[in-house]
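# Architecture at a glance
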Amino acid sequence: DEDVLARLGGDEFALIQAGFTDQRAAAIELAQRITKLIAEPFQIGGQRVEIGTSIGISLAPQHGHDQEHLLRKADLALYRSKSAGRSCYTLYDDAMSAELEARNTLEGDLRDAIAQCQFEVHYQPFYDAETRERRGVEALVRWQHPQRGLMPAADFMRIAEDCGLIVPIGEWVLQAAAAQQQRWRARGLPQVRIAANVSARQFWQGAVVGTVRQLLARGLLSRGSLEIEVTESAVMRDVAQTARLLEALRELGVV
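To start, this report covers the structure provided alongside it. (Residues numbered from 1 in each chain as written. Predicted model: local features only at pLDDT ≥ 70, side-chain atom pairs only at ≥ 80, totals over all residues. Heavy atoms only, no water.)

Before going further, it helps to examine the overall build of the protein. Tallying secondary structure elements over the protein gives nine helices and 11 strands in all. Projected onto its principal axes, the C-alpha coordinates of the protein cover approximately 80 × 55 × 35 Å. When the 255 residues of the protein are sorted by exposure, 35% land in the buried category. Across the protein, contacts joining residues at least 24 apart in sequence account for 60% of those joining residues at least 6 apart. Of the roughly 15,600 Å² that the protein leaves accessible, carbon and sulfur atoms contribute 50%. (Helix = DSSP H or I, 4+ residues; strand = E, 2+ residues; numbered from the N terminus. Buried < 20%, exposed > 50% of the residue type's maximum accessible area, 1.4 Å probe, protein only. Contact = heavy atoms within 4.5 Å. Areas by Shrake-Rupley, 256 points an atom, 1.4 Å probe, with all protein chains shown as cover.)

Written out as structure tokens, the structure is:
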């Protein structure tokens, strides 16, 4: 009777729980009960449906005395739950605020990096396991951070994906790879196939097709010299659309 449940919008809800001596234990018990109940399958129009929920918990007065602070910290805990997967809950701790601040700082630095061209591409050769012949090189993006030094993609690509910067970064990598191929040709070196990873967002927006088409038109890229690597999750999202995009790339000479 003391609890309040509200829909904040979309598929996001807030619940105020009160009246327990051990509020932490009570909140955890409630979160476990909610995730268990929501995970039970149900029927809609004769179809079996299964969903999950992610829960973030903040406690008063430990984590704040007003709605702004409590909701903000519950939201940070919710973000952690979403990162961990469906049907789980997370209790807020102060480390989450520090992580968010660091993440926001890095996101701002990423935007500056794009504007100031702080990225560079390293080329790692790959070989045929049977013949031991080199098949080409893989383009690996690195970020020359002004304070942190050279950063591998694993340290910033997840944030770039989340904040939508992955597309301009991915396009820059393809352009840099094409420019490198042109420099190698100018030196009289044989054509080297370059393999580049493409993010799911870049692939599904069709940006990679447009970028490759422009590079071919400008003579910066030759047919058969580019190999695109797409994650399995991106491919399986929509098989029909995937087939159309891959066919468009194949017609442009992309492997």
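Take the side chain of Thr35 next. Mapped onto the elements of the fold, Thr35 is located in helix H1 (residues 23–38). Thr35 sits in the buried class, given a relative accessible area of 10%. Separated by 3.0 Å, the side chain of Thr35 and the backbone oxygen of Gln32 make a polar contact. Residues within four places of Thr35 in sequence aside, it is in contact with Thr53, Ile55, Ser87 and Cys88. (Polar contact = N/O pair within 3.5 Å; in protein donor to acceptor, adjacent residues only side chain to side chain.)

Moving on, we get to the packing of helix H7 (residues 207–217) against helix H9 (residues 239–251). It is the contact of H7 with H9, at a shortest axis distance of 10 Å, that shows an interaxial angle of 10°. Taken together, the axis directions place H7 and H9 in an arrangement best described as roughly parallel. Facing Val208, Val209 and Val212 of H7, the residues of H9 in contact are Leu245, Ala248 and Leu249. By residue class, the composition of the contact of H7 with H9 is six nonpolar, no polar and no charged. (Axes fitted to C-alpha atoms, helices over the stretch in contact; angles between N-to-C directions. Parallel < 35°, antiparallel > 145°, perpendicular 65-115°, else oblique. Nonpolar A, V, L, I, M, F, W, Y, C, P; charged D, E, K, R; others polar.)

Per the stated rule, a full pass over the model turns up nine salt bridges. As a salt-bridge pair, Glu247 and Arg250 come within 2.6 Å of each other at their nearest N and O atoms. Of the two residues, Glu247 and Arg250 are both situated in helix H9; the distance of three residues between them amounts to about one turn of the helix. Residue class for Glu247 comes out partly exposed when judged on its relative accessible area of 33%. Sharing partners across several salt bridges, the network here consists of Arg103, Arg158 and Asp162. (Salt bridge = Lys/Arg side-chain N within 4 Å of Asp/Glu carboxyl O.)

Attention shifts here to H7. Residues of H7 that are buried include every one of Ala207, Val208, Val209, Thr211, Val212 and Leu215, and no others. Check the buried side of H7 and you find it contacts helix H5 (166–186), strand E10 (194–198), helix H6 (200–204), strand E11 (226–230) and H9. Two residues or fewer after H7 comes Gly219, characterised by a positive phi angle close to 75°.

Among the nonpolar cores identified, the biggest contains 25 residues, and Leu110, Phe119, Val141, Trp143, Phe156, Ala160 and Ile194 are the most heavily contacted of them. Secondary-structure elements contributing two or more residues to this core are helix H3 (94–116), strand E7 (119–127), strand E8 (134–145), helix H4 (157–162) and H5. The contacts of Val141, once residues within four sequence positions are left out, are Phe119, Glu120, Ala153, Phe156, Met157, Trp172 and Val173. Of all hydrophobic cores here, the second largest spans 20 residues; its members include Leu174, Ala196, Leu252 and Val254. (Core = buried A, V, L, I, M, F, W, Y, C linked by side-chain atoms within 4.5 Å.)

Now for the packing of aromatic side chains. In this structure the tally under the stated criterion is five aromatic pairs. Seen in terms of ring centroids, Tyr123 and Trp184 are 5.5 Å apart; in terms of plane orientation they differ by 65°. Their pairing is edge-to-face. Placement of Tyr123 in strand E7 and of Trp184 in helix H5 is noted, with a sequence separation of 61 residues between them. Judged by its relative accessible area of 23%, Tyr123 is partly exposed. (Phe/Tyr/Trp six-rings, centres within 6.5 Å; stacked < 30°, edge-to-face > 60°.)

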